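# Summary of the model geometry
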Amino acid sequence: MFKIGRNEKCWCGCGKKYKQCHERSDEENLKKFVEEGYPLPDKHLILSPEDIQGIRKSARLSVAVMDELDSFVKEGVTTLEIDELVAKLTADGGGICAPYHYEGFPKHCCTSLNNVVCHGIPDDTVLKDGDIINVDVTTILNGYYSDMSRMYMIGNVSDEAKQLVEVTKECMYKGIESVRPYTPVGDIGNAINDITDKYGYGVVRALCGHGVGLEFHNDPIVNHFRTDRKTMVLVPNMVFTIEPMINAGTWDCNVSKEDGWTVTTADGSLSAQWEHTVVVTEDGADIITRRI
Ligand code: MF3
Ligand code: CO
Ligand code: CO
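Attention in this report is confined to the structure presented alongside it. As the structure is a computational prediction, the values presented were derived from the model and not from experiment.

Parameters and conventions
- Residues numbered from 1 in each chain as written.
- Chains lettered and ligands numbered in written order.
- Predicted model: local features only at pLDDT ≥ 70, side-chain atom pairs only at ≥ 80, totals over all residues.
- Heavy atoms only, no water.
- Donors = N, O, S within 2.8 Å, 3.2 Å for Na, K, Ca; no water.
- Tetrahedral: all angles 85-135°; square planar, octahedral: opposite > 155°, others 65-115°.
- Helix = DSSP H or I, 4+ residues; strand = E, 2+ residues; numbered from the N terminus.
- Buried < 20%, exposed > 50% of the residue type's maximum accessible area, 1.4 Å probe, protein only.
- Near = heavy atom within 4 Å.
- Polar contact = N/O pair within 3.5 Å; in protein donor to acceptor, adjacent residues only side chain to side chain.
- Areas by Shrake-Rupley, 256 points an atom, 1.4 Å probe, with all protein chains shown as cover.
- 1 Å grid on protein atoms, 1.4 Å probe; cavity = no way out; pocket = protein on both sides within 12 Å on 5 of 7 lines; lining within 4 Å.
- Sits in = over half its atoms within 2 Å of the grid points.
- Nonpolar A, V, L, I, M, F, W, Y, C, P; charged D, E, K, R; others polar.
- Axes fitted to C-alpha atoms, helices over the stretch in contact; angles between N-to-C directions.
- Parallel < 35°, antiparallel > 145°, perpendicular 65-115°, else oblique.
- Left-handed = near helix turned anticlockwise from the far one by under 90°.
- Contact = heavy atoms within 4.5 Å.

What follows deals with the coordination of the cobalt ion (ligand 3). Each pair of donors in an ideal four-coordinate tetrahedral metal site encloses 109.5 degrees, whereas pairs in an ideal six-coordinate octahedral site enclose 90 or 180 degrees. At the metal site, the cobalt ion (ligand 3) is ligated by D136 (OD), D136 (OD), D147 (OD) and E275 (OE), and these contacts range over 2.1 to 2.3 Å. For the cobalt ion (ligand 3), the six donor atoms are set out with angles of 59 to 167° between them, so the coordination reads as irregular. In the primary sequence, the donor residues of the cobalt ion (ligand 3) line up as D-x10-D-x127-E. In this model, the cobalt ion (ligand 3) sits 3.3 Å from the cobalt ion (ligand 2), the two metals being bridged by D147. In this pair, D136 is assigned in strand 4 (residues 132–141) and D147 in strand 5 (residues 144–153), connecting sequence segments 11 residues apart. Comparing D136 with D147, the two get one shared label, buried.

This part is about the site of ligand 1. Around ligand 1, the surrounding shell holds 14 residues, and the nearest of these are D147, H210, H217, E243 and E275. H210 has a polar side-chain atom sitting 3.0 Å from an oxygen atom of ligand 1. When the free accessible area of ligand 1 is taken as 330 Å², the share hidden by the protein chains comes to 96%. Cavity membership is defined here by more than half of the atoms lying within 2 Å of grid points; on that basis ligand 1 lies in the largest pocket. Classifying every residue of the shell around ligand 1 by side-chain character gives six nonpolar, four polar and four charged.

Right, let's talk about the packing of helix 4 (residues 159–177) against helix 5 (residues 186–199) for a bit. At a minimum axis separation of 8 Å, helix 4 and helix 5 run at an interaxial angle of 155°. Between helix 4 and helix 5, the angle is such that the two are roughly antiparallel. Handedness of the crossing formed by helix 4 with helix 5: right-handed. Residue-level contacts link Q163, V167, E170, C171, K174 and G175 of helix 4 to I188, A191, I192, I195, T196 and Y199 of helix 5. A breakdown of the residues in the contact of helix 4 with helix 5 according to their chemical character gives seven nonpolar, three polar and two charged.

Any functional reading would require information beyond the geometric quantities listed.
Here is the structure:
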């Protein structure tokens, strides 16, 4: 529950006491949600300006790594070569690849090809003309986590694949645009599902966006599908990912019994995903993993 002591420092970084700064306006903004029984974030989810600065630096490194991938990921390259480049560039930048040995994950990034929804493990698979692939990079720099992913289209991809990749990107940005402080996090999924409905695409339900920054995965849970449940109300200085996974067919997925990680579409259809880390501001969301 959101409860900052009146004499504690305000969350906004002004240096003043909470009672002399945002206490009253927070109460006004949150009143209706409290009355209606919406969950409020615990105060540890509201990050200090210093911590947000640290996460921004981590994000700069994630972006630098991904920008290098933009020219590297092409026909003939293996997903293991992508992994090795991510590992090298991250280490060169003074960072650590968060996926490496995270809950037993064996590689430095996730490479999710065609019908793989997410958590694909880099291996000797060679990228070929017509493939679509998501590369997901999570960097720890000075203890701060940033998480992002992009799609790559290899050579000439089908019109269907291209549309899926582009609509999924639109879903991510429309989700981000829907973020406002003092509104429920569920608005993100509502905005995304409005788009996918027009195309008959399935929004993956088993995996979600997440709080990030001081840890890899934290609250809030950011679902990408429509809900009328009372979801957590967002406030400034919360940091989380928006990372819709959109399937050309059904939303239903399977997890590999062999490796315990690779998530695939249940019907074999293509899947796409884009991911940004955002910080809630006083009037919306700031994308901290954006290109500079
Ligand atoms: N980067 C993924 C996410 O967006 C998580 C990958 S977990 C791993 O949340 F272990 F597979 F790396
Ligand atoms: Co993520
Ligand atoms: Co990620």
